[in-house]
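Commentary on secondary and tertiary structure
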Amino acid sequence: MPSEPEKGSQPEKSAWIESEDVNVRIAVVAVTMSFSPCPPDALAGNSIQQQRDRWERKRNVVARELVLTEQHYCQQLALVTTWEDLERLKPGVGTTINKYFVEILKAKGTLRQDIRESIFSSIKAIHSVNQSLLVHLENGYFGRGFDQFCPQLHHYNVFVDNIYNARKVLVVQLKKNKAFRRFKKLQESRPEFNSQKLEDLLHLPIERIEQYKRFLQVMAANTSPDDPEFQQLSRAVAAVELLHQRIQKNTRRHENHLQLCRVQKLLKGRKTKVLAAERWYIREGWLKVVPSKGADVKPKLFFLFSDMLLQTKRCSSLHPTSSDKFIGQHAYPLNQCAVEKVFGHTKSKGGLLSLTFPRAKLLLMSSNQEDLNDWYQSLCSAIRKLEPKPTSGHERVEPMQEPFSSDAENHNSLINSSSSNANGKRNMASTETGELSQRHAAEWEGSAPKRMKQAVSEQSTESSSSSCVIL
């Protein structure tokens, strides 16, 4: 018989169980659990409300940060654009009216109007638009504020399209205009600038668009679809995203232009033209050219662009002015190129690439397997983008692209001059090739800008089957 529980215990909540094999008493406590009397629908309602509360808290945090950063942003824009009261901008500094760049430069006549517009662009209009936005944000009207702000984003479009030109003009003026150089240094020494340079302030609108994108995405994600501001914030997210993509596109184009300019400066003379519309730099590197006959393998520096492969060699080290430059030898258009690996399919050391053109063939060798694979992938990608896309049935049309660089024109002119000397200016191209070139020229003329149409119409009667330009 189990022993009775001690005095003061609760028999209804515990029981004593005696083991038959081992004289061990185990106390098992039966704890009664109390369940909420609320129905499941009420629990689901509480969970939804808790989620909405979390959204609201996160939205409030982001909204507060948006207002504070917008106030600081407008203050920094004021350093560049308008006359402000320092007591309102920086309490405790003083009440002297000091300002700064645009208005003072206009009043003093330090810079001509066209130069001022090139440097500062639409920053005054941006400042005005953002001041209106700030009023709405400070009053808590985020959706309404951005709904009125987004139609004014064309001022930002003008600014971001001009930002790289503005930097260039500013650098030129700082070199040539002594009065402007002194004025800029004086203004930047003021305590209101907090050691910031004019170049930093001019980049603020670009940085602010990136911040708007992040703020609006978080606010829209934490706003209920039933809220009237949800649609307004969603439209603002889409508008700011388009502007952000525009900025990224301009950045890529600017970086590509710098690369083309760098390669052009590496080349000796002006015969080889690298700068061309819609040409993109891809990569460069040293590869060894395997000759068709028993000559020595020679290393060459190759530059790969979106429409051609440029082969160069180093100038003589004894050259007095161009010892660090390169001479363009051949420009191979990629529109009719086929590339394949001869060796290098395995993990062996290095390999060969075979590039086949209608009238030329290249064997390129590299002892670096990874570098060879990178060249192969880059060449295949560039050629693939130039391939014509098939249409309905068996018809194929050429891609709408601008003609290649003027290297092709130089080559055609060389062919024409030699042909005129030897054959009395007779056209040696076949009828089929002539018809093909005319068809290419007609397609290019439909897509090329006006400045290229004249050159295309002249090329339409020439042979376009050549795959290599000898520079």
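One structure accompanies this document, and this report is about it.

1. With respect to the overall build of the chain
A tally of regular secondary structure across the chain gives 15 helices and 12 strands. Expressed as a percentage of its 471 residues, the buried residues of the chain come to 38%. A separation of at least 24 residues holds for 59% of the contacts in the chain among residues at least 6 apart in sequence. For the chain, the accessible area works out to roughly 28700 Å², and carbon and sulfur atoms hold 52% of it.

2. With respect to the pattern of salt bridges
Scanning the model with the defined rule gives 13 salt bridges in all. One salt bridge in this structure joins R235 and D147, with 3.1 Å as the shortest N-O distance. You can see R235 sitting in helix α11 (residues 228-266) and its partner D147 sitting in helix α6 (residues 142-149), a full 88 residues away along the chain. Each member of the salt-bridge network shares a partner with another, and the members are K184, E188, K197 and E199.

3. Examining the packing of helix α7 (residues 154-176) against helix α10 (residues 204-221)
Axis separation between α7 and α10 bottoms out at 10 Å; the angle between their running directions is 125 degrees. Our classification of the angle between α7 and α10 gives oblique. Between α7 and α10 lies a crossing of left-handed hand. In this structure, α7 uses Y156, F159 and V160 to contact α10, whose residues at the interface are P205, I206, I209 and Y212.

4. A short note on the pairing of strand β5 (residues 281-289)
Note: β5 against strand β6 (residues 298-305), eight bridges, orientation antiparallel. Across the sheet, the residue bridging to E284 is F303, located in β6. Taken together, the two bridges between β5 and strand β11 (residues 361-366) define a ladder with antiparallel strand orientation. The residue of β11 that forms the bridge with K288 is M365.

5. Things to note about α10
With 18 residues, α10 extends 26 Å from end C-alpha to end C-alpha; this agrees with the ideal 26 Å at 1.5 Å per step. Among the residues of α10, those classed as buried are L204, P205, I206, R208, I209, Y212, K213, F215, L216, M219 and A220.

6. Regarding the packing of aromatic side chains
In the structure shown here, the tally under the stated rule is seven aromatic pairs. Look at F149 and Y212: their rings are 5.5 Å apart centre to centre, the planes differ by 65 degrees, and that puts the pair in the edge-to-face class. Of this pair, F149 sits in helix α6 while Y212 sits in helix α10, placing them 63 residues apart in sequence. Y212 shares its class with F149; the two are buried.

7. Focus on the pairing of β11
Only one face of β11 is buried: it carries L362, L364 and S366, and the other face, with K361, L363 and M365, is open. Two elements, strand β10 (residues 351-356) and β11, share six bridges in a ladder whose sense is antiparallel. The partner of L352 across the bridge, within β11, is M365. Joining the antiparallel neighbours β10 and β11 is a turn of four residues.

8. Observations concerning the packing of α6 against α11
Here α6 crosses α11 at 35 degrees, and the two axes come no closer than 8 Å. Relative to α11, α6 is oriented so that their crossing is left-handed. Contact with α6, carried on its side by F142, G143, R144, F146 and D147, involves E229, Q232, L233, R235 and A236 of α11 and no other residues of that element. Its residues assigned to classes, the contact of α6 with α11 shows four nonpolar, two polar and four charged.

9. Notes on the environment of A125
Examined against the element boundaries, A125 turns out to sit in helix α5 (residues 123-138). Measuring from C-alpha to C-alpha, the distance between A125 and F159 comes to 9.9 Å, with 34 residues separating the pair along the chain.

10. Some points on the nonpolar core
Counting 52 residues, the largest nonpolar core has F120, F146, Y156 and Y212 as the members making the most contacts within it. The residues touching F120, leaving out its near neighbours within four places in the chain, are V80, F101, V102, L105, F159, L198 and L202. Grouped together as the second largest cluster of nonpolar side chains are 22 residues, Y332, W375, A382 and L386 included.

11. Re the environment of E255
Relative to the assigned elements, E255 resides in helix α11. When its relative accessible area of 47% is taken as the criterion, E255 is described as partly exposed.

12. Topic: a negative patch on the surface
Together, D53, E56, D226 and D227 make up a negatively charged patch on the protein surface. We classify D227 as partly exposed; its relative accessible area is 30%.

13. As for the environment of S234
Mapped onto the fold, S234 is located in helix α11. Residues S234 and M219, 15 residues apart in the sequence, show an inter-C-alpha distance of 9.3 Å. In this structure the side chain of S234 is engaged in a polar contact, spanning 2.8 Å, whose partner is the backbone oxygen of F230.

14. Focus: the state of the cysteines
Per the counting criterion, the structure on display carries zero disulfides. Unpaired in this structure, C380 has its nearest cysteine sulfur neighbour in C337, at a distance of 8.9 Å. For C380, a relative accessible area of 15% gives the class buried.

Criteria and thresholds
Residues numbered from 1 in each chain as written. Predicted model: local features only at pLDDT ≥ 70, side-chain atom pairs only at ≥ 80, totals over all residues. Heavy atoms only, no water. Helix = DSSP H or I, 4+ residues; strand = E, 2+ residues; numbered from the N terminus. Buried < 20%, exposed > 50% of the residue type's maximum accessible area, 1.4 Å probe, protein only. Contact = heavy atoms within 4.5 Å. Areas by Shrake-Rupley, 256 points an atom, 1.4 Å probe, with all protein chains shown as cover. Salt bridge = Lys/Arg side-chain N within 4 Å of Asp/Glu carboxyl O. Axes fitted to C-alpha atoms, helices over the stretch in contact; angles between N-to-C directions. Parallel < 35°, antiparallel > 145°, perpendicular 65-115°, else oblique. Left-handed = near helix turned anticlockwise from the far one by under 90°. Pairing = 2+ DSSP bridges. Expected span 1.5 Å × (residues − 1). Phe/Tyr/Trp six-rings, centres within 6.5 Å; stacked < 30°, edge-to-face > 60°. Nonpolar A, V, L, I, M, F, W, Y, C, P; charged D, E, K, R; others polar. Core = buried A, V, L, I, M, F, W, Y, C linked by side-chain atoms within 4.5 Å. Patch = residues over 30% accessible without salt bridge, like charges linked within 9 Å, V, L, I, M, F, W, Y side chains within 5 Å. Lys, Arg positive; Asp, Glu negative; His and termini not counted. Charge placed at Lys NZ, Arg CZ, Asp CG, Glu CD. Polar contact = N/O pair within 3.5 Å; in protein donor to acceptor, adjacent residues only side chain to side chain. Disulfide = S-S within 2.5 Å.

Geometric values such as these leave the question of function open.
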